Amino acid sequence: QRALPATISIHHAIQTELGVQCRVGATIGEAYCGVVGGVKRHEYAVLGPSVNLAARLMASKMNPGILVDNNVRMLAHRSYGFNALPPVVAKGYAE
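Our subject in this report is the structure included herewith. All values reported here derive from a predicted model rather than from experimental measurement.

Checked against the element boundaries, Thr7 lands in helix 1 (residues 3–17). Take Thr7: its relative accessible area is 17%, and that puts it in the buried class. Apart from the residues within four sequence positions on either side, Thr7 is in contact with Val24 and Ile66.

Spelled out as structure tokens, the structure:
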């Protein structure tokens, strides 16, 4: 209920206020968010299948600006209008 409006707002702000063209991939799913690595070398990371799929959607040539997966579309179709696009082939994902 909050993620898609935030995604749209951030995308719009980046384009209008910063003048930067950007693409976003939006999915729903579990993710690990936290520090990974050892004592000497570590970083904060977000990991998981939904994160990987979002990255593939973001990088897709079919992405007009914001590209969502089918789960997001099904959950939000009553509140948002979605344009029909050909299916995106994402390595490692069946749909």
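It is worth spelling out a nonpolar patch on the surface at this point. Residues Val35, Tyr44 and Val46 make up a contiguous nonpolar surface patch of roughly 310 Å² in combined accessible area. Position of Val35 relative to the elements: it lies in strand 2 (residues 32–37).

With respect to the helices, strands and loops of the structure, Ser60 is situated in the loop between helix 2 (49–59) and strand 4 (66–68). Ser60 gets classed as buried once you look at its relative accessible area, which sits at 9%. A polar contact is formed between the side chain of Ser60 and the backbone nitrogen of Met62, at a distance of 3.0 Å. Each residue touching Ser60, except ones within four places of it in the same chain, is listed here: Arg23, Leu67 and Val88.

Pairing of strand 2 with strand 3 (residues 42–47), which is carried by six bridges, proceeds in the antiparallel orientation. Across the sheet, Tyr32 pairs through a bridge with Leu47, a residue of strand 3. A loop of four residues connects strand 2 with strand 3, the two strands running antiparallel in sequence.

So, about the environment of Met62. Position of Met62 relative to the elements: it lies in the loop between helix 2 and strand 4. According to the relative accessible area criterion, Met62 is partly exposed, its value standing at 36%. Each C-alpha atom, one on Met62 and one on Pro86, is 8.0 Å from the other, the two residues being 24 residues apart in sequence. Residues within four places of Met62 in sequence aside, it is in contact with Leu85, Pro86 and Val88.

Conventions adopted
- Residues numbered from 1 in each chain as written.
- Predicted model: local features only at pLDDT ≥ 70, side-chain atom pairs only at ≥ 80, totals over all residues.
- Heavy atoms only, no water.
- Helix = DSSP H or I, 4+ residues; strand = E, 2+ residues; numbered from the N terminus.
- Buried < 20%, exposed > 50% of the residue type's maximum accessible area, 1.4 Å probe, protein only.
- Contact = heavy atoms within 4.5 Å.
- Patch = residues over 30% accessible without salt bridge, like charges linked within 9 Å, V, L, I, M, F, W, Y side chains within 5 Å.
- Areas by Shrake-Rupley, 256 points an atom, 1.4 Å probe, with all protein chains shown as cover.
- Salt bridge = Lys/Arg side-chain N within 4 Å of Asp/Glu carboxyl O.
- Polar contact = N/O pair within 3.5 Å; in protein donor to acceptor, adjacent residues only side chain to side chain.
- Pairing = 2+ DSSP bridges.

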